Amino acid sequence: QVQLVESGGGLVQPGGSLRLSCAASGTIVSINTMAWYRQAPEKQRELVATITRNGSTNYADSVKGRFTISRDNAKKTMYLQMNSLRPEDTADYYCNAGVLIPAPYRLLEVWGQGTLVTVSS
């Protein structure tokens, strides 16, 4: 019914940059808060950054000053600009959103399938 699809992952050297995208599709009334999570091997999934519909942002301490979350409501797309990447940023990155669907108006928590970011020389 509603899907989130991440893209932009790949292999990058330490100090490099990547931009991730998360595009929503389906029958959607609105998208509320969106977030990026990541999960490294044998680790718990952790919150990276959040952004409200109006653009208020929060970041994990580990990425402050290096990552920037943004969204384009017209395109129903969220982005994560990642600069100064470190090996410890290596993880599967997932997008998450609260999505309002048409009547009877349910709010769904939707996850993308993940995209792999590998930071290595």
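Residues numbered from 1 in each chain as written. Predicted model: local features only at pLDDT ≥ 70, side-chain atom pairs only at ≥ 80, totals over all residues. Heavy atoms only, no water.

A.B. asks: Looking at this structure, how should I read the overall build of the protein?
C.D. replies: Within the protein, the secondary structure is distributed over zero helices and eleven strands. When its helices and strands are written in sequence order, the protein yields β-β-β-β-β-β-β-β-β-β-β. Relative to the 2.2 N^0.38 estimate, which gives 14 Å for 121 residues, the radius of gyration of the protein is 14 Å and therefore close to what a compact globule would have. In terms of overall dimensions, the protein has C-alpha extents of about 50 × 25 × 25 Å along its principal axes. With 121 residues in all, the protein has 40% of them scored as buried. Look at the contacts in the protein between residues 6 or more apart in sequence, and 56% of them connect residues 24 or more apart. Surface summary for the protein: the accessible area is close to 6500 Å², and the carbon and sulfur share equals 46%. (Helix = DSSP H or I, 4+ residues; strand = E, 2+ residues; numbered from the N terminus. Rg over C-alpha atoms; globule rule 2.2 N^0.38 Å. Buried < 20%, exposed > 50% of the residue type's maximum accessible area, 1.4 Å probe, protein only. Contact = heavy atoms within 4.5 Å. Areas by Shrake-Rupley, 256 points an atom, 1.4 Å probe, with all protein chains shown as cover.)

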